[in-house]
Amino acid sequence: MATKTKNTQIFPLLLFFFFFFLATISEARPPFACDPRNGVTRNLRFCRVNLPIHVRARDLIGRLTLQEKIRLLVNNAISVPRLGIQGYEWWSEALHGVSNVGPGVKFGGAFPGATSFPQVITTAASFNQSLWEQIGRVVSDEARAMYNGGVAGLTYWSPNVNIFRDPRWGRGQETPGEDPVVAGRYAASYVKGLQSITGGNKLKVAACCKHYTAYDLDNWNGVDRYHFNAKVSKQDLEDTYDVPFKACVVDGNVASVMCSYNQVNGKPTCADSNLLKNTIRGQWHLNGYIVSDCDSVGVLFDNQHYTSTPEEAAAATIKAGLDLDCGPFLAIHTENAIRKKLLVEEDVNNALVNTITVQMRLGMFDGEPSAHPYGNLGPRDVCTPAHQQLALEAARQGIVLLENRGRALPLSRTRHRVVAVIGPNSDVTETMIGNYAGIACGYTTPLQGISRYAKTSHHPGCSNVGCDLNNQFGTAEIAARNADATVLIMGLDQSIEAEFRDRVGLFLPGHQQELVTRVARASRGPTILVLMSGGPIDVSFAQNDPRIGAILWVGYPGQAGGAAIADVLFGTTNPGGKLPMTWYPESYLAKVPMTEMGLRPDPSKDYPGRTYRFYKGDVIYQFGHGLSYTTFTHSLSLPPKSLSLSNFYTLKHTNSTSTLSTKSIRVSHTNCHSNSMSLPIHIDVKNTGSFDGTHTLLVFSSPPPGAKWSTNKQLIGFEKIHLVAGSKQRVKVDVNVCKHLSVVDQFGIRRIPFGDHDIYFGDLKHSISLQSNLEEIKV
């Protein structure tokens, strides 16, 4: 109840601040660019909102001196007073709520905090695309409100859509998980919500997908991200690492992409014209700017020694397609690069076109914003009851029920009147919001949440998640012995997994396992283990302990995490989350160096491969695992069994060896736009249990066996449906042959294999045969 009381006190204050803000805004911040009241800029061409943006951007650039242009190539862009332009800080963050990690956001005054949603890995576990987009819209409402109040920018370097390739990665918590389809759909959904593009291609805020590409190591075994050269095959780039970035640009129409610190195959990503100019802007048609990760231009010179001089480094990045440097490097060295004829001024102009165009799409050169879309958002639009309710709902949807032995859950309010709440994460606040977070509107801790349902006896057992010193196991055991039920809230925090902090193992830290085992042995009632973490944990000990009735994974559940955990424990919410990553055993790490980027197994090196798509060894929990308090069944309704592709070739010469093989056809040479290439499959899903519940239908495919490209299986789609107890719903899944049944060969070419493809719907398997007349073709 403490959180609710706190919030009811905050909102009258926010209303007061809002009206105070309206009365004083004109005096509280510098005038906006192109303010019609500013006689200096009123008649300048770049301020005329009726002109095309590209015309306005070029006009502005033409009025700048070279020195002014160069100081606009960095995140803390200078002011140009003679043109009425204020300085601008490009670096703001909004990974799962407006954050003050970057210098562009300042909390305080009328904006004491912002809604802090669950960490991305938790939200991804919901497998709910509409939720992802809805969160983006709320975050951008609050970002716009703070911009109008002069305490935030409009360019947010979020989301992080890197693949969670290795379970030790400290930043895996920021990502949507290990699957490229999920990551791609999350990327596009969240970006659409953030940007909320309106008529005329206007942006609400500008999102940025990072870190491009094959970036998923921070600091492991003496190798850090500044010195790491990721050796990646064309196959893995095309079918895994680049997939979410392509979805960001092509499907999400993102306004920015950030290149990463690492090298890929010997080249720094921020100086690789093939990655930046040719792929992001050329093939995917980015409508926006490319920014470096912070100080990565300096890193490629100072740490990687990629060029002999700093001027060569500046020239290499700008020529490769970089438009903006997070850091001072380009401001310091670009002018000398031009003097040495490594660059020409037009190269700088081209970079500025991309950044200034985005600013103009944001309305930053349209004068005072109150007369424009989103211009009336203010303090009353931040931390609203609706926004905080969405944070609670997102946390509920992201919780995954891993085990429920003997239906230990849900707990009963009548039978479990006294609950022992134990563990280092049992009464935490900031831990629940993970990294890249801001200041939350308020918190409901797990202890507070459970206290709403039962009388609690609280004993942390360990002073922190390290669980090495000042342990109080005996006190925790006594509490469990005297309670009707015991909830152990264990796991990790940012001291174990974080940016620049990769994990060294997968077990619970310190003596946490001992605490769990001893408390479970002492507990008089059911014992529930709740795991708070971004990455997977080897909890095989708990799986094999019959005294532990249920296991929940809650990720980092955000500001309302404690309320969501309690709602699931007591059955107010029926859990429906699914794991977005594989949970490996500790023994897996001995065979898999973090520096090995290959996804496919290599028996010659005793290398088992990565992710559910390629790894075939033992797991603690598999990708997509998640139980419910109810049960669901699936049945197929007249699914298609075969398709002949012969009529869909778009070839002048069908015997071209570059196009056809005896077992497959290139996707690029197939008529993928034909409606006949999409196979509709209808699945009847029935709730056969006694609880209403939300079900995630995961649809996988596996290609014909025997080829080098073969995966175990790959996710091709997912649907989220809510079913009341006893009801049935028909779900239509369109299996597109080009998108869903294609694979990438060792040369990075996407192909459709002929033969039998298996499609999996929950517990069902169905085969579709793709046929061709290729046996008549000599290649």
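Treat the numbers as computed from the prediction; the structure is a model and nothing was measured.

Reading the values: the criteria
Residues numbered from 1 in each chain as written. Predicted model: local features only at pLDDT ≥ 70, side-chain atom pairs only at ≥ 80, totals over all residues. Heavy atoms only, no water. Phe/Tyr/Trp six-rings, centres within 6.5 Å; stacked < 30°, edge-to-face > 60°. Helix = DSSP H or I, 4+ residues; strand = E, 2+ residues; numbered from the N terminus. Buried < 20%, exposed > 50% of the residue type's maximum accessible area, 1.4 Å probe, protein only. Lys NZ or Arg CZ within 6 Å of the ring centre and 35° of its normal. Core = buried A, V, L, I, M, F, W, Y, C linked by side-chain atoms within 4.5 Å. Contact = heavy atoms within 4.5 Å. Pairing = 2+ DSSP bridges. Axes fitted to C-alpha atoms, helices over the stretch in contact; angles between N-to-C directions. Parallel < 35°, antiparallel > 145°, perpendicular 65-115°, else oblique. Left-handed = near helix turned anticlockwise from the far one by under 90°. Disulfide = S-S within 2.5 Å. Salt bridge = Lys/Arg side-chain N within 4 Å of Asp/Glu carboxyl O.

Observations regarding the packing of aromatic side chains
Right, so step 1: The tally for this structure, following the rule as stated, stands at 26 aromatic pairs.
Right, so step 2: Ring geometry for Tyr186 against Tyr190: centres 5.7 Å apart, planes inclined by 15°, an arrangement best described as stacked. Separated by 4 residues within a single helix, Tyr186 and Tyr190 lie in helix H6 (residues 180-195), roughly one turn from each other.
Right, so step 3: Since its relative accessible area comes to 3%, Tyr186 is described here as buried.
Right, so step 4: When the centroid spacing of 5.2 Å and the interplanar angle of 70° are considered together, the rings of Tyr212 and Phe245 count as edge-to-face. On the criterion of sequence distance, the pair formed by Tyr212 in strand E3 (residues 209-212) and Phe245 in helix H8 (residues 243-251) is long-range, its members being 33 residues apart. Each member of the pair, Tyr212 together with Phe245, is buried.
Right, so step 5: Taken together, the aromatic side chains of Phe127, Trp132, Tyr186, Tyr190, Tyr612, Phe623, Phe700 and Phe718 make up a single cluster linked through ring pairs.
Right, so step 6: The positively charged end of Arg185 is found above the aromatic ring belonging to Phe718, 5.1 Å away from the centroid.
Right, so step 7: Positioned above the aromatic ring of Phe700, the side-chain terminus of Lys713 is 4.1 Å from the ring centre.

Points about the nonpolar core
Right, so step 1: Of all hydrophobic cores here, the largest spans 211 residues; its most connected members are Trp157, Leu531, Trp553, Leu569 and Trp583.
Right, so step 2: Setting aside chain neighbours within four positions, we find Leu569 in contact with Leu409, Pro410, Leu411, Ile450, Val487, Ile528, Val530, Leu552 and Tyr629.
Right, so step 3: In this structure, Ile681, Ile683, Val737 and Leu741 belong to the second largest nonpolar core, which totals 27 residues.

Considerations on the sheet that holds strand E13 (residues 455-459)
Right, so step 1: Taken in spatial order, the 6 strands of this open sheet run E11-E16-E15-E14-E12-E13, and their pairing is mixed. If you trace the sheet from one side to the other, it starts and ends with strand E11 (400-404) and E13, each paired once. Taking each pair of neighbouring strands and ignoring which way they run, the sheet shows an average axis angle of 20°.
Right, so step 2: Here strand E15 (residues 527-532) runs beside strand E16 (residues 548-553); their pairing, made up of 5 bridges, is parallel. Across the sheet, the residue bridging to Leu531 is Trp553, located in E16.
Right, so step 3: Packing against the sheet, helix H17 (residues 512-522) makes contact with strand E12 (418-422), strand E14 (485-491), E15 and E16, and its axis sits at approximately 175° to E14.
Right, so step 4: Sheet contacts for helix H19 (residues 561-569): E14, E15 and E16; angle to E15, the most-contacted strand, approximately 145°.

Here's the deal with the packing of H6 against H8
Right, so step 1: Where H6 contacts H8, the two axes come as close as 8 Å, and the packing angle between them is 30°. Taken together, the axes of H6 and H8 are roughly parallel relative to one another. Taken as a pair, H6 and H8 cross one another with a handedness that is right-handed. Packed against H6, whose contacting residues are Pro180, Ala183, Gly184, Ala187, Ala188, Val191 and Lys192, the element H8 presents Val243, Pro244, Ala247, Cys248 and Asp251 at the interface.

Description of the state of the cysteines
Right, so step 1: For the coordinates displayed, the defined rule picks out 7 disulfides.
Right, so step 2: Note that Cys672 is cross-linked by a disulfide to Cys738, the S-S spacing being 2.0 Å. Across the disulfide from Cys672 to Cys738, rotation about the S-S bond amounts to roughly -95°, and the bridge is consequently left-handed. Of this pair, Cys672 sits in the loop between strand E19 (664-666) and strand E20 (678-687) while Cys738 sits in helix H21 (residues 737-740), placing them 66 residues apart in sequence.
Right, so step 3: Judged by relative accessible area, Cys738 falls into the buried class, the value being 5%.
Right, so step 4: Distance from the sulfur of Cys208, which forms no disulfide, to the nearest cysteine sulfur (Cys209) is 6.9 Å.

Comments concerning the pattern of salt bridges
Right, so step 1: Counted under the stated rule, the structure contains 33 salt bridges.
Right, so step 2: Residue Arg600 pairs with Asp239 through a salt bridge whose shortest N-O separation is 2.7 Å. Residue Arg600 is located in the loop between H19 and helix H20 (611-614), and its partner Asp239 is located in helix H7 (residues 234-241); the two are separated by 361 residues in the primary sequence.
Right, so step 3: A network of salt bridges, in which partner residues are shared, links Arg171, Glu174, Asp218, Arg225 and Glu499.

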